[in-house]
Amino acid sequence: MSAPISHRAAALSAHSYDDFPCEAGHLDMRGDNSPPLTAEFARPIALPTLAAAGYGDIRGELRLRTVLGELFGVCPDQVMVTGGGSEALWLAMACVSDYSGFIRVPRPGFPGFEQLARLLGLRVLPYGPGAVPGRGRIPVVVCTPHNPTGIVTAPDAAGAGAGWVIWDLSHMSTAGHDLAEFTAGFGSGDIAVFSLSKLLRLPGARVGCLVVRDPELLAALTRAKTHTSMSTSCLAQGLALRVLQDPGVRHELIMRAKVFADHRAQLLEAVAAASKLRAVAAVDGTHLYLETTDGGNGWERLAGCGVIGIPGTVFNGSAREVRLCIAQPQEVIDAAAARVAAL
Ligand SMILES: Cc1ncc(COP(=O)(O)O)c(C=O)c1O
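Calculation rules
Residues numbered from 1 in each chain as written. Predicted model: local features only at pLDDT ≥ 70, side-chain atom pairs only at ≥ 80, totals over all residues. Heavy atoms only, no water. Helix = DSSP H or I, 4+ residues; strand = E, 2+ residues; numbered from the N terminus. Contact = heavy atoms within 4.5 Å. Salt bridge = Lys/Arg side-chain N within 4 Å of Asp/Glu carboxyl O. Buried < 20%, exposed > 50% of the residue type's maximum accessible area, 1.4 Å probe, protein only. Pairing = 2+ DSSP bridges.

Visitor: I tried to follow unusual backbone geometry on my own but got confused; where do I start?
Guide: Residue P145 follows T144 across a cis peptide bond; omega there is -10°. With respect to the helices, strands and loops of the structure, P145 is situated in the loop between strand 5 (140-143) and strand 6 (165-168). A cis amide bond links N147 with the next residue in sequence, P148, at an omega value of 20°. Checked against the element boundaries, P148 lands in the loop between strand 5 and strand 6. At S100, a residue that is not glycine, the phi angle is positive and equals roughly 65°. Tracing the backbone through its elements, the reader meets S100 in the loop between helix 4 (84-96) and strand 3 (102-106).

As structure tokens, this is what we get:
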């Protein structure tokens, strides 16, 4: 008999879209199905031999940190490139909390918040995503635009004073000045987490970042990354830089934001017409969060009419709830709106 794995590892749960299969004729609304943002993805990247022959800067390539710094309105030294938003979250949580301490996370919320917190041995205090707790002794994770509900939180929502707030901005667009405006009032207790996986459609590159004003925290994060992933892949950083610098990407992101707003409005209207469904009043992001009003299983209700989302339980919500991604072709939104309105 082998030795038991840790209780923390045994309690972990992880899902992939394949756990919720989408059959022929069904509408796949599990995740973003938009086409790539730019043809730049297809252009091969020359292996930067010199960079690949060393680990590279733990904090990330200076050119990429410079571009990210401009987006967040900070200097490159306040940016750390990470292996996706997930590593950024992991590092941030690990460096601001103590073992068996508490952390406040939104529920429903991106599953990684609770899973990573538990893996780190933290005790989770959930809050409703529209009711952000004030900053204080217990670190708070805030996600805006919020996955899965589309609720938006203002940067002053956690109040002033001492205490850590980890702001997950992974679903915010890089097209305008939103990121820099959001971080403009950041104090030393604020940490931004960002992922290039979402609107920038680079999930396979595994690039994200942390934006931190506190030099002591930045040094701790750098030490922690030295012992986890060391540096972030230089090929991935090259691709991220190319996509961020492509002028066509900015234009395409602006166009997509308009399309997503239309899709959101169309589907919210369809939910309002349905007799046994309601939706959180989403204002941004690429998701809608629905709930049955008669206590029935939300995912099964929608799957029953061929609309495939992700169950609310994946986000630590209830079985009545289901998340739909609105980043779909127009014909999928039209068909989904008709099916949802009839429920
Ligand atoms: C809110 C949020 N934060 C972080 C992540 C993780 O991003 P990544 O895929 O870059 O690890 C995701 C991914 O879906 C997310 O939705």
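Next comes the rest of the write-up.
Visitor: Got a minute to help me understand the side chain of R65 in this structure?
Guide: Relative to the assigned elements, R65 resides in helix 3 (residues 62-72). Aside from chain neighbours lying at most four places away, what touches R65 is D57, R59, G60, P76, D77, V79 and V81.

Visitor: Explanation requested: the pattern of salt bridges in the structure shown.
Guide: For side chains bearing opposite charge, pairing can occur when the charged atoms are close. Enumeration over the complete set of coordinates arrives at 14 salt bridges. D57 serves as the salt-bridge partner of R65, at 3.2 Å between the closest nitrogen and oxygen. In this structure R65 comes out as buried when scored by relative accessible area, which is 2%. Between R118 and E114 there is a salt bridge whose closest N-O contact spans 3.2 Å. Within this pair, R118 and its partner E114 are both found in helix 5 (residues 111-119), separated by four residues, close to a single helical turn. Among the charged side chains, a salt-bridge network with shared partners connects D57, R59, R65 and D77.

Visitor: So what exactly am I meant to see when it comes to the pairing of strand 4 (residues 123-127) here?
Guide: Looking along a regular strand, one sees side chains alternate from face to face of the sheet. Pairing between strand 3 and strand 4: five bridges, direction parallel. From the neighbouring strand, R104 faces strand 4, where its bridge partner is L125.

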